[in-house]
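# A closer look at the structure
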Amino acid sequence: MPEGHKTHFIARQHTGMLADQKLQVTSPQGRFAADARKVSGKVLDRVEAVGKHMFYHFDNKAIVQVHLGRYGKFRELPSPPPSPVGQVRMRLKGDSTTFDLTGPTTCRVIDGDMRDEIVAKLGPDPLAGGKKSDVWAAFHKSNKPIGGLLLDQSVVAGVGNIFRAEVLFETRLDPEIVGRDLSQSSFDELWRSLTKMMKTGLKYGKIISVTAKEAGMPLAKIDGKDRFRVYGKKSCPRCNSAIQTVEVAARKLYVCQSCQRKKS
Ligand SMILES: [Zn+2]
């Protein structure tokens, strides 16, 4: 599933390639057709990302909200674009670039009030200037495990299953620690690890938790599972113990039970 770094990456890319242009917006598949007509022919001002949501702001005040969910994907097409392939929910055609969107969880036209309501329900987004102190306050009063809090979009926005596993591994924290038992210094470390990893993800357009030194190659060249230290791994790169999977907040979490033992 695309995590917060990806929505910010796409928002930057689409703003750069489509903003200040009159877009032709269509729904080849048909499910978004009525909403597409509300923004087609309008000028796109900018694309905003908050957590895992994207908002396409048009000059008539209409906003296209996109949530990619688990399967959503944008495909960049050459100009002129070929006929749509598969179930294309939305096609955004600019002056020289076209993007096709398939498989999103949400793709609809909303207004500014609705956008504000959606954003108000989200916790701070580390990539959108979200405040660390607000996330700390939410952790500090919670009796849920930190492995669950990290995935809760109302606590911190944009973190998904890979970031969760990788930051808990980097900071050696046991995912079952309850929020209110986490010390401020451990939280500080967790936050530092998370913001750094999300910024790297935004820079390269993919999650990378290893360092260039660990990988033995420049970060830009790392691909596939080599990018991770614990997610999807069989053995721990630190202590060589077998990586376990445990279920926390209904999602599979990869953990090294030998070195992630810190209790607070
Ligand atoms: Zn280990």
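Note that the structure is a prediction, hence the values are computed from the model and not measured.

### Remarks on the overall build of the protein chain
Across its full length, the protein chain holds 8 helices and 10 strands. Put simply, the protein chain has 264 residues, and 52% of those count as buried. In the protein chain, the proportion of contacts linking residues at least 24 apart, taken out of those at least 6 apart, comes to 60%. Accessible surface, the protein chain: about 12600 Å² in total, of which carbon and sulfur atoms supply 48%. One finds the centroid of the 44 positive side-chain charges in the protein chain at a distance of 5 Å from the centroid of its 27 negative side-chain charges.

### A few points about the coordination of the zinc ion
Looking at the zinc ion, one finds its protein donor set to be Cys236 (SG), Cys239 (SG), Cys256 (SG) and Cys259 (SG), positioned 2.2 to 2.3 Å from the metal centre. Viewed at the metal, the 4 donor atoms of the zinc ion are separated by angles of 102 to 127 degrees, and the geometry they form is tetrahedral.

### Side note on the packing of aromatic side chains
Per the stated rule, a full pass over the model turns up 7 aromatic pairs. Consider the rings of Tyr56 and Phe74, whose centres lie 6.4 Å apart with planes at 45 degrees: the pair is tilted. Taken together, the residues span a long stretch of sequence, with Tyr56 in strand E3 (residues 53-58) and Phe74 in strand E5 (residues 73-77) at a distance of 18 residues. Each member of the pair, Tyr56 as well as Phe74, is classed as buried. Of the aromatic side chains, those joined through ring pairs into one cluster are Trp136, Phe139, Phe187 and Trp191. Note that Arg115 overlies the ring of Phe55, its terminal NZ or CZ placed 5.8 Å from the centroid. The residue whose ring lies beneath Arg238 is Phe169, and the NZ or CZ to ring-centre distance is 3.9 Å.

### Re the UniProt feature "domain: Formamidopyrimidine-DNA glycosylase catalytic" (unreviewed entry) in the protein chain
As recorded in UniProt, the sites labelled "domain: Formamidopyrimidine-DNA glycosylase catalytic" (unreviewed entry) are residues 2-94. Measuring from the first to the last C-alpha atom of residues 2-94 gives 24 Å, for a span that is 24% helix and 34% strand.

### Comments concerning the pattern of salt bridges
Using the criterion set out here, one finds 9 salt bridges in the structure. Note that Glu170 and Arg229 form a salt bridge whose closest N and O atoms lie 2.6 Å from each other. One end of the pair, Glu170, is in helix H6 (residues 161-170); the other, Arg229, is in the loop between helix H8 (212-215) and strand E9 (244-248), with 59 residues separating them in the sequence. Residue Glu170 is classed as partly exposed on the basis of its relative accessible area of 25%. By relative accessible area, Arg229 is classed as buried at 10%. Three or more residues are tied together by salt bridges with common partners; here these are Glu48, Arg115 and Asp116.

Thresholds applied
Residues numbered from 1 in each chain as written. Predicted model: local features only at pLDDT ≥ 70, side-chain atom pairs only at ≥ 80, totals over all residues. Heavy atoms only, no water. Helix = DSSP H or I, 4+ residues; strand = E, 2+ residues; numbered from the N terminus. Buried < 20%, exposed > 50% of the residue type's maximum accessible area, 1.4 Å probe, protein only. Contact = heavy atoms within 4.5 Å. Areas by Shrake-Rupley, 256 points an atom, 1.4 Å probe, with all protein chains shown as cover. Lys, Arg positive; Asp, Glu negative; His and termini not counted. Charge placed at Lys NZ, Arg CZ, Asp CG, Glu CD. Donors = N, O, S within 2.8 Å, 3.2 Å for Na, K, Ca; no water. Tetrahedral: all angles 85-135°; square planar, octahedral: opposite > 155°, others 65-115°. Phe/Tyr/Trp six-rings, centres within 6.5 Å; stacked < 30°, edge-to-face > 60°. Lys NZ or Arg CZ within 6 Å of the ring centre and 35° of its normal. UniProt positions renumbered as here; feature names shortened; annotations may be inferred. Salt bridge = Lys/Arg side-chain N within 4 Å of Asp/Glu carboxyl O.

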